[in-house]
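Fold and geometry: a report
Each chain is listed here by its residues.
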Amino acid sequence: MSAWCISRYFLGSTVSITEARRFVTTFLKGWPNVATAELIVSELATNAIRHSASGRFGGRFLVTIRGDAGRLWIAVLDEGGPGRPQIFPEYPDLEGGRGLRIVSEAASEWGVLGDHRGRTVWASLDDAAVDPNPANHSNAYRQGR
Ligand SMILES: Nc1ncnc2c1ncn2[C@@H]1O[C@H](COP(=O)(O)OP(=O)(O)OP(=O)(O)O)[C@@H](O)[C@H]1O
Ligand SMILES: [Mg+2]
């Protein structure tokens, strides 16, 4: 079984959150964990725009999805900045601070790579029943539909 990997850059604006979700759902169409993958990419893309230099004028972020032997890996590479992704302790009346907690609970594993020059926040889903054959992927994206 071979691994597969697909990546796409998005502009660092809020409309890209919808586009990133669509990128993932289109590519993973029909797979059992597509809704979880969509939730994860939505939170990570939102964070890239809101909390990193990707959200500045001209900024962008890179979404990568990778499948390998039943494991799905979703990653968002941003353009860095002074802040670091972190899960806040739970305060009942805290505004926000839930996205990464949701990701950590939905994912089998998650983590952060990189530094102020650019960070990759990643999450993996085990037992995702990921079809390892790229020929079976939805190719709506490649056909521009
Ligand atoms: N890509 C990132 N780059 C830098 N800092 C980040 C990044 N993602 C998250 N953070 C930091 O981690 C914190 C927690 O992120 P989290 O997504 O849990 O909450 P939030 O984005 O503040 O609110 P929300 O509940 O709307 O997602 C953020 O407030 C921010 O300080
Ligand atoms: Mg967030």
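Heads up: these notes are all about the structure in this document. Not measured: the values here are computed from a predicted model.

The helix and strand inventory of the protein stands at three helices and five strands. Long-range contacts, defined as pairs at least 24 residues apart, comprise 65% of the intrachain contacts of the protein with a sequence gap of at least 6. Total accessible area on the protein stands at roughly 8,200 Å², and carbon and sulfur atoms take up 51% of it.

Residue placement: G59 occurs in the loop between α2 (34-51) and β2 (60-68). For G59, a relative accessible area of 5% corresponds to the buried category. The spatial distance from the C-alpha of G59 to the C-alpha of L11 is 6.1 Å, given a sequence separation of 48 residues. When near neighbours in sequence (up to four residues on either side) are disregarded, G59 contacts F10, L11, G12, A53, S54 and E79.

Looking now at the sheet that holds β2. Whenever strands of a sheet pair, they do so through backbone hydrogen bonds, lying parallel or antiparallel. Taken together, five strands build an open sheet; the order of strands is β1-β2-β3-β5-β4 and the sheet is antiparallel. The open sheet has two edge strands, β1 (4-11) and β4 (109-115), and neither has a second partner. The average angle at which neighbouring strand axes cross in this sheet is 15 degrees, direction not considered. Examined bridge by bridge, β4 and strand β5 (residues 118-125) share seven bridges and lie antiparallel to one another. Note on β5: the bridge partner recorded for V112 is V121. Strands in contact with α2 are β2, β3 (71-77) and β5; relative to β3, the strand with the most contacts, it is inclined by about 15 degrees.

Before going further, it helps to examine helix α1 (residues 15-27). Taking 1.5 Å per residue, 13 residues should reach 18 Å; α1 reaches 19 Å between its end C-alpha atoms and fits that length. Among the residues making up α1, those that are buried are S16, I17, A20, F23, V24, T26 and F27. Buried residues belonging to α1 abut β1, α2 and β2.

Let's shift gears to the site of ligand 1. Neighbouring ligand 1 are 15 residues; H51, D78, G97, R98 and L100 lie closest to it. At a separation of 2.7 Å, an oxygen atom of ligand 1 approaches a polar side-chain atom of H51. The separation between an oxygen atom of ligand 1 and a polar main-chain atom of L100 is 2.8 Å. Protein chains shield 86% of the accessible area of ligand 1, which is 590 Å² for the free molecule. Judged by its atoms lying within 2 Å of the grid points, ligand 1 is housed in the largest pocket. Looking at the shell around ligand 1, the elements with two or more residues in it are α2 and α3 (99-106). For the shell around ligand 1, the element with the most residues is α2, which contributes four residues.

All right, on to the layout of surface pockets then. Approximately 490 Å³ is the volume found for the largest pocket. Lining the largest pocket are 24 residues, with N47, H51, Q86, F88 and L100 positioned closest to its centre. Of all the secondary structure elements, the ones that give two or more residues to the lining of the largest pocket are α2, α3 and β5. Top element by residues in the lining of the largest pocket is α2. It accounts for seven residues. Grouping the amino acids of the lining of the largest pocket by side-chain chemistry returns eight nonpolar, 10 polar and six charged.

What follows covers the packing of α1 against α2. Interaxial distance between α1 and α2 falls to 9 Å at its minimum, and their mutual angle equals 150 degrees. Here α1 lies roughly antiparallel to α2, going by the angle between them. Note that α1 runs across α2; the crossing there is right-handed. The residues of α2 that touch α1, namely those facing I17, A20, R21, V24 and T25, are V34, A37, E38, V41, S42, A45, T46 and I49. Taken together, the residues of the contact of α1 with α2 sort by class into eight nonpolar, three polar and two charged.

The rules behind each value
Residues numbered from 1 in each chain as written. Chains lettered and ligands numbered in written order. Predicted model: local features only at pLDDT ≥ 70, side-chain atom pairs only at ≥ 80, totals over all residues. Heavy atoms only, no water. Helix = DSSP H or I, 4+ residues; strand = E, 2+ residues; numbered from the N terminus. Contact = heavy atoms within 4.5 Å. Areas by Shrake-Rupley, 256 points an atom, 1.4 Å probe, with all protein chains shown as cover. Buried < 20%, exposed > 50% of the residue type's maximum accessible area, 1.4 Å probe, protein only. Pairing = 2+ DSSP bridges. Axes fitted to C-alpha atoms, helices over the stretch in contact; angles between N-to-C directions. Expected span 1.5 Å × (residues − 1). Near = heavy atom within 4 Å. Polar contact = N/O pair within 3.5 Å; in protein donor to acceptor, adjacent residues only side chain to side chain. 1 Å grid on protein atoms, 1.4 Å probe; cavity = no way out; pocket = protein on both sides within 12 Å on 5 of 7 lines; lining within 4 Å. Sits in = over half its atoms within 2 Å of the grid points. Points joined across faces, edges and corners; volume = space filled by probe spheres on them. Nonpolar A, V, L, I, M, F, W, Y, C, P; charged D, E, K, R; others polar. Parallel < 35°, antiparallel > 145°, perpendicular 65-115°, else oblique. Left-handed = near helix turned anticlockwise from the far one by under 90°.

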